[in-house]
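The primary structure of each chain is shown beneath.
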Amino acid sequence: MKKNFTLLFLLIAISSFAQIKGTITDSKGNPMAFVNIYLQDTYTSTTSNEQGKYELNVRTPGKHIVLYQYLGYKTEKKIVEAEKFPQIVDVQLTEEDIQLNDVVIDPKANPANEIIRNAIANRKENSAKTSKYNADFYSRGIFRVKNLPKTIMGQKLDFFDEIIDSTRSGILYLSETVSKITFQKPDKLKEVIVASKVSGNDNGFSFNNAAQANFDFYENYLDFDVKVISPIADGAFNYYRYKFDGSFADENNKVINKIKVTPKRNSEPAMEGYLYIVDDTYAIYAVDLSIKGSQMQNPALNKLTLKQSYSFNNKNKIWAKNTQTIDFEAGMLGINISGNFTYVYSNFEFKEQFEKKTFTAEVLKFEENANKKEDSFWETIRPVPLTNEESTDYAKKDALQTKKKSQVYLDSIDGKRNKFGFSDILMGYSYRNSFKKWSIKYDGPLLSTSFNTVQGWKTQVGLSFVKRDEDKRTFTRIGSRFDYGFAEEKLRVTGDFYRKFNNTNNSQLYVNGGSSVSQFNGSNPITNLGNTISTLFFKNNFMKVYEKNFIAANFGREIINGLNLNFNLEYSERKPLENNTDYVLIKNDKEYTSNNPLLPNDNVTPAIVKHNLVKANVNARIKFGQQYWTRPDGKYNIGNEKYPTLNIGYEKGLAATDKKYEYDLISARATYGLSIGNKGYLDMNLKAGKFFNAENISFIDYKHFNGNQTHINNGGTYTNVFNNLPYYSASTNDSFIEFHAEHNDKGFIMNKLPLLKYLKSQLVVGFHNLSIPERAPYQEYTIGLDNLGFGKLRIFRLDYVRSYQNGFQGDAIVFGIKILGGAN
């Protein structure tokens, strides 16, 4: 009986995905890629691949009217009498006869402008027709590399040697997805991935999804790296020029207007190319537009081209997007990558209304075994046939994957990687057992050597062991670190254990302990590199430290979607430290300040008295409106810019050697980031807190604020730091309110300014405020330029800071480098 059901299921599946297939060429016999193909008055559609081949899945035998549509060519209509499948239908398209005869070009009355005004006026009405629907969705993405260099800055690029050819060119990434989507404009989406395939990874999940393909020209903006202005946006005439390039009649005898679209300023996020508008309803017929990376504030991107085709259904009178392609070219440091994404929408079901709770926080879900589908499944359901290159890539990488999983292969690769050299003693060394999924890492002293006035020159070495479960994407880490200060002549050792239990609720445990030199501000606002430079060259020893001998444990997990709880318990012995060296590279008459942040000129009085304390805290993080993806290997959370993120914490000091060190602290933090159309991005950070029973607590447990006297930002956020505030001048054991706000124009203003627009930079303005009892509020106003650099290397930022407290306090220039990382 079970066999009969299986046979019946296979017969139904085959009949459900019968195919009309063939090759599409132009009048010269050249294959035509990405031709829009669909059944008349239906939403069954597909597109041709780069070799002009197509496959159109139809549900029943019989008479079918198939339309072949391509911009600049006449739409071809074929009547297919299909009694059995597959049916081979080859098609040749001829160029469209664009008519300009009846148009009188009046420079004072540009016909294109009138068409665009009508398209803008009818934009909301046309958009509403496709505002709610169910549909089938297919996507395919491919990345290629060409002439990949063998080395970059002396480092070998051998990661892809097995998948590229002798010219160092080939496919880096190839993937496909098939899904069912439920969508409501502007951004409500539910997607179920039925099948997912990644070349060379039978356990992989494609990152292609419908949300990333949602580029709607009926909206004012298209979401790329910046908000790109639609050619039919409300304010489109401020950004575009339009030219009427003629018209033609489609298969339904509807007049289609071809409009050339040109940006008024090449520095702004506006596209160039052609927009096709239906004459009577002013709906979009097709889109063929490009934009440069420099216009999108993305220096690595050379050019991106977006094409869309729409089909008309005479039954419901709706124009619906059925195919879309994105092509791009990018490059940096001699690496040149091109890519293409193909999207096919089909079987639309337009809705008047969805039931309540149709849309939930789960916006994407993978069906069980979605990434385990056999080739036979893909051959019946894939709407766009693979090219020879793509078929070869799947076969090649599948064979290579089998080879790569073997112990013989992995051991041979490890044998090369695990070779030990003399320089590894200083630089570091890793030993891997890839087959058993574990590794040992040694961190050498060269990159971790630094200087401070307490330890003098200090160096660190580390040793760690990691065991991974790649199927569950979890791991366990055990490590230790040895820290030796030469002026202090003291060795300190710490150890740690970390375990990530799962990716569903992100349960994780971290245990560590030992002896360390720690900054009074636990956020570590001063980096070792920054302190080394400021100390040795300018005799500014800003870093103030104490010794902590401790053991601590931390456990965190997500309780429900959007709510994370984190528990931390620490027992520590705190000891004061003092300067042990006055060494300097560039001598001057300036004296080092003491290691007491409260008494910088007192080298006798310690900042703290030796004591012990147990510190316990719990922190709740609430991400309002958090959405997520569900995959077999875990839950992946997605931020929602409509809502803020809130942190609420309670901290208690207890079991101290002296009762005066015990305290309570309640704190809260709210962060919020908001896109303001094409006018930039606003980032805000508000913190507040209140100490109780804390009159005589240790200075370590005060609330410290992130200052920046080095005036170098190491790539961290600017909305968590005061860039002209001395590090410990405002530390408090009472109440506090801290606020940061920053607006980045994303080029909105800078792109319009003469001469300055050629910098291709972003204008950033900020405001920072700190309020504590018995002091006037401290405030900073900042203005700066981000995205500075040379050519495609844009990693710098420059800010001017002016600070006030009971009047003007001072000025500063802050130099930022994005790649170094910093305090958050």
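Each chain carries its own residue numbering, running from 1 in the direction its sequence is written. Predicted model: local features are reported for residues with pLDDT of at least 70 only, side-chain atom pairs are reported and counted for 80 or more only, and whole-chain, interface and lining totals are derived from all residues. Side-chain measures here rest on the full set of heavy atoms in the structure, leaving out hydrogens and waters.

### With respect to a nonpolar patch on the surface
Reasoning step 1: The patch calculation keeps residues exceeding 30% relative accessible area without a salt bridge and links them within 9 Å when they carry like charges or within 5 Å when they are nonpolar (Val, Leu, Ile, Met, Phe, Trp, Tyr). Here the open area of atoms and residues is found with the Shrake-Rupley method and a 1.4 Å probe, where only the protein chains shown may cover a residue. A carboxyl oxygen of Asp or Glu within 4 Å of a side-chain nitrogen of Lys or Arg is what we treat as a salt bridge. A surface patch of nonpolar side chains, amounting to about 870 Å² of accessible area, comprises Trp457, Phe486, Leu529, Ile533, Phe537, Phe538, Tyr583, Leu585 and Ile586.
Reasoning step 2: Each helix is a run of H or I in the DSSP string that is no shorter than four residues. Each strand is a run of E no shorter than two, and both are numbered from the N terminus. Looking at the nonpolar patch, the element that brings in the most residues is helix H8 (residues 528–538), giving four residues.
Reasoning step 3: Any residue under 20% of the maximum accessible area for its type is buried, any over 50% is exposed, and the rest in between are partly exposed; the area is computed with a 1.4 Å probe on protein chains only. Using a relative accessible area of 35% as the deciding quantity, one classes Phe537 as partly exposed.

### Here we look at the environment of Leu598
Reasoning step 1: Relative to the helices and strands, Leu598 resides in the loop between strand E32 (563–575) and strand E33 (611–623).
Reasoning step 2: Through-space distance from the C-alpha of Leu598 to that of Ser729 is 7.9 Å; in sequence the pair is 131 residues apart.

### A word on the packing of helix H5 (residues 388–405) against helix H6 (residues 407–417)
Reasoning step 1: Orientation is described by axes fitted as lines to C-alpha atoms, over the contacting stretch for helices, and by angles from 0 to 180 degrees between their N-to-C directions. The interhelical angle for the contact between H5 and H6, taken along N-to-C directions, is 75°, at an axis separation of 4 Å. The orientation of H5 relative to H6 falls into the category roughly perpendicular. Between H5 and H6, the residues in contact are Lys403, Lys404 and Lys405 and Gln407, Tyr409 and Leu410, respectively.
Reasoning step 2: For this classification, the nonpolar set comprises Ala, Val, Leu, Ile, Met, Phe, Trp, Tyr, Cys and Pro, the charged set comprises Asp, Glu, Lys and Arg, and every other residue, Gly included, is treated as polar. Split into classes, the residues belonging to the contact of H5 with H6 amount to two nonpolar, one polar and three charged. Oblique is the label for every angle not falling under 35 degrees (roughly parallel), over 145 degrees (roughly antiparallel), or within 65 to 115 degrees (roughly perpendicular). We call two residues contacting when some pair of their heavy atoms lies within 4.5 Å.

### Quick look at the sheet that holds strand E6 (residues 76–82)
Reasoning step 1: One open sheet accounts for four strands, arranged E3-E2-E5-E6; its pairing is antiparallel. Each having just a single partner strand, strand E3 (45–47) and E6 make up the two edges of the open sheet. Recorded for the sheet is a direction-independent mean angle of 25° between the axes of neighbouring strands.
Reasoning step 2: Strands are treated as partners if at least two bridges between them are detected by DSSP. Taken together, the four bridges between strand E2 (residues 36–39) and strand E5 (residues 62–69) define a ladder with antiparallel strand orientation. What sits directly across from Asn36, in E5, is Gln69.

### What about H5?
Reasoning step 1: For H5, with 18 residues, the first-to-last C-alpha span of 26 Å sits near the 26 Å given by 1.5 Å per residue.
Reasoning step 2: Among all positions in H5, only Glu390, Asp393, Tyr394, Lys397, Leu400 and Gln401 are buried. Looking straight down H5, one finds its buried side chains confined to an arc of 145°; they lie on one side. Structural note: H5 exposes Asn388, Thr392, Ala395 and Thr402 on the side pointing more than 90 degrees away from its buried face. Multiplying 1.5 Å by the helix residue count minus one yields the expected span of that helix. Along the arc lie the directions from the helix axis toward the C-beta atoms.

### Focus: the side chain of His768
Reasoning step 1: Looking at the element boundaries, His768 is found in strand E41 (residues 762–771).
Reasoning step 2: Accessibility expressed as a relative area gives 2% for His768, which makes it buried.
Reasoning step 3: At a separation of 2.8 Å, a polar atom in the side chain of His768 contacts the side chain of His740.
Reasoning step 4: Setting aside its immediate chain neighbours within four residues, His768 contacts Tyr718, Val721, Phe722, Phe739, His740, Tyr778, Gln779, Glu780 and Thr782. We define a polar contact as two N or O atoms separated by no more than 3.5 Å, with the added condition that, inside protein, one atom must be a possible hydrogen donor and the other a possible acceptor, whereas residues neighbouring each other in sequence contribute only through side-chain atom pairs.

### Side note on the environment of Ser572
Reasoning step 1: On the secondary structure map, Ser572 appears in strand E32.
Reasoning step 2: Take Ser572: its relative accessible area is 0%, and that puts it in the buried class.
Reasoning step 3: Residues in contact with Ser572, not counting those within four places in the same chain, are Lys548, Asn549, Phe550, His611, Asn612 and Leu613.
Reasoning step 4: At 2.9 Å, the side chain of Ser572 forms a polar contact with the side chain of Arg574.

### Regarding the packing of aromatic side chains
Reasoning step 1: Stacked, tilted and edge-to-face are the three classes assigned to paired rings of Phe, Tyr and Trp, where Trp is represented by its six-membered ring and a pair needs centres within 6.5 Å; plane angles under 30 degrees give stacked, over 60 edge-to-face, the rest tilted. Tallied over the entire structure, the rule returns 51 aromatic pairs.
Reasoning step 2: Centre to centre, the rings of Tyr431 and Trp438 are 5.9 Å apart; their planes meet at 35°, and the pair counts as tilted.
Reasoning step 3: When its relative accessible area of 38% is taken as the criterion, Tyr431 is described as partly exposed.
Reasoning step 4: Its relative accessible area of 22% is what places Trp438 among the partly exposed residues.
Reasoning step 5: Ring plane angle 55° and centroid distance 6.3 Å describe the contact between Tyr498 and Tyr510, whose orientation is recorded as tilted.

### Comments concerning helix H2 (residues 111–121)
Reasoning step 1: What H2 keeps buried is the set Ala112, Asn113, Ile115, Ile116, Ala119 and Ile120. Projected down its long axis, H2 carries its buried residues within an arc of 160°, all on one side.
Reasoning step 2: Looking at the buried positions of H2, the neighbouring elements they touch are helix H3 (123–128), strand E16 (240–249), strand E17 (255–263) and strand E18 (272–278).
Reasoning step 3: The N-cap of H2, judged by a side-chain oxygen 2.9 Å from the amide nitrogen of Ala112 a few residues on, is Asn110.

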